[in-house]
Amino acid sequence: FKNNIYVPKSFDFNKKFISLHVRRGDYINNNSNRLYGNLGFSYYLKATYFLRNKFGNLPVLLFSDDPKWLKENLLNSIPNSYLISSRNLSPESDFLIMSKGNYFILSNSTFSWLAAFFSKDKEKFLVIPKFWFNGQEINSEYIYKEWNYKLIQD
């Protein structure tokens, strides 16, 4: 899959990295926005800063259903980041690569939640949006009991 993404061929997927997922699509284009809301640029920057401050200057792999937004907003704003999502990859490929991460910046989406859940890293750490639903703080029932995490507000 390395030929279809913006990651150097020398990138070592066996080393630690941050998986950052941005959900846009239906969250910005229809009634889903009223229910879920859309996380802003500042959430992703705060989350990246927090994880790098805690764990070091790890590479950040960027995933989204809107790769154009990633390229225009986050790719140049987060040094040592790589755009993974592209129209050449399937959501299943994104999911598989994302789940290989050690640290996760979740959007308010089951897609990123499940990728973190399926990560085999026993010491994984997650940044989770404080407001999973629009205007409603996340409930502890949405957070897997064994996770180490930090809630961050947009």
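Shown above is the structure to which this text applies.
Would you explain the overall build of the chain in this entry?
A count of helices and strands for the chain gives six helices and eight strands. Counting contacts in the chain only where the partners sit at least 6 residues apart, residues at least 24 apart contribute 56% of the total. As displayed, the chain has an accessible area near 8,400 Å², and 47% of this comes from carbon and sulfur atoms.

I would appreciate a short explanation of the sheet that holds strand S5 (residues 125-129) in the present structure.
Pairing between the strands of a sheet comes from backbone hydrogen bonds, and it takes one of two forms, parallel or antiparallel. Pairing is parallel across the open sheet formed by six strands, whose spatial order is S3-S2-S1-S4-S5-S8. Of all the strands in the sheet, the pair left with one neighbour each is strand S3 (81-83) and strand S8 (148-152). Neighbouring strand axes in the sheet, compared pairwise and without regard to direction, differ in orientation by 20° on average. Looking at chain direction, strand S4 (residues 103-105) and S5 are connected through three bridges and run parallel. Directly across from Phe104, in S5, lies its bridge partner Leu126. Running over the sheet, helix H4 (residues 67-74) touches strand S1 (18-22), strand S2 (60-64) and S3 and is turned about 140° from S2.

Explanation requested: the environment of Asp65 in the structure shown.
Mapping Asp65 onto the fold places it in the loop between S2 and H4. Taking the C-alpha atoms as reference points, Asp65 and Asp94, separated by 29 residues in sequence, lie 9.6 Å from one another. Separated by 3.4 Å, the side chains of Asp65 and Ser64 make a polar contact.

Just to check I follow, could you spell out the pattern of salt bridges for this structure?
Pairing between side chains of opposite charge can happen when the charged atoms of each approach one another. Enumeration over the complete set of coordinates arrives at two salt bridges. Among the ionic pairs, Lys68 bridges to Glu72, the shortest N-O distance being 3.8 Å. Within this pair, Lys68 and its partner Glu72 are both found in helix H4, separated by four residues, close to a single helical turn. You can call Glu72 exposed: its relative accessible area is 54%.

Would you take a moment to explain the nonpolar core for this structure?
Nonpolar side chains in soluble globular proteins tend to be buried together. By size, the foremost hydrophobic cluster in this structure holds 21 residues, and its most contacted members are Leu20, Tyr44, Leu74 and Ile105. Counting only elements with at least two residues in this core, the list comes to S1, helix H3 (41-55), S2, H4, S4 and S5. In terms of residue count, H3 provides more of this core than any other element does, four residues in total. In this structure, Phe11, Phe17, Phe63 and Met98 belong to the second largest nonpolar core, which totals 11 residues.

Where do I start with unusual backbone geometry in this structure?
With the exception of glycine, the majority of residues adopt a negative phi angle, and the majority of peptide bonds are in the trans configuration. Non-glycine residue Asn80 carries a positive phi angle of around 60°. For Asn80, the location among the structural elements is in the loop between H4 and S3.

Got a minute to help me understand the environment of Phe111 in this structure?
Counting through the fold element by element, Phe111 comes out in helix H6 (residues 110-118). Along the chain, Phe111 and Phe95 lie 16 residues apart, while their C-alpha atoms are 7.6 Å from each other. Every residue in contact with Phe111, bar those within four places of it in the chain, is listed here: His21, Pro91, Asp94, Phe95 and Met98.

Can you help me understand helix H5 (residues 91-99) in this one?
The periodicity of an α-helix, 3.6 residues per turn, causes residues three or four places apart in sequence to face the same way. Among all positions in H5, only Asp94, Ile97, Met98 and Ser99 are buried. Buried residues in H5 make contact with S1, S2, S4 and H6.

What counts, and at which threshold
Residues numbered from 1 in each chain as written. Predicted model: local features only at pLDDT ≥ 70, side-chain atom pairs only at ≥ 80, totals over all residues. Heavy atoms only, no water. Helix = DSSP H or I, 4+ residues; strand = E, 2+ residues; numbered from the N terminus. Contact = heavy atoms within 4.5 Å. Areas by Shrake-Rupley, 256 points an atom, 1.4 Å probe, with all protein chains shown as cover. Pairing = 2+ DSSP bridges. Axes fitted to C-alpha atoms, helices over the stretch in contact; angles between N-to-C directions. Polar contact = N/O pair within 3.5 Å; in protein donor to acceptor, adjacent residues only side chain to side chain. Salt bridge = Lys/Arg side-chain N within 4 Å of Asp/Glu carboxyl O. Buried < 20%, exposed > 50% of the residue type's maximum accessible area, 1.4 Å probe, protein only. Core = buried A, V, L, I, M, F, W, Y, C linked by side-chain atoms within 4.5 Å.

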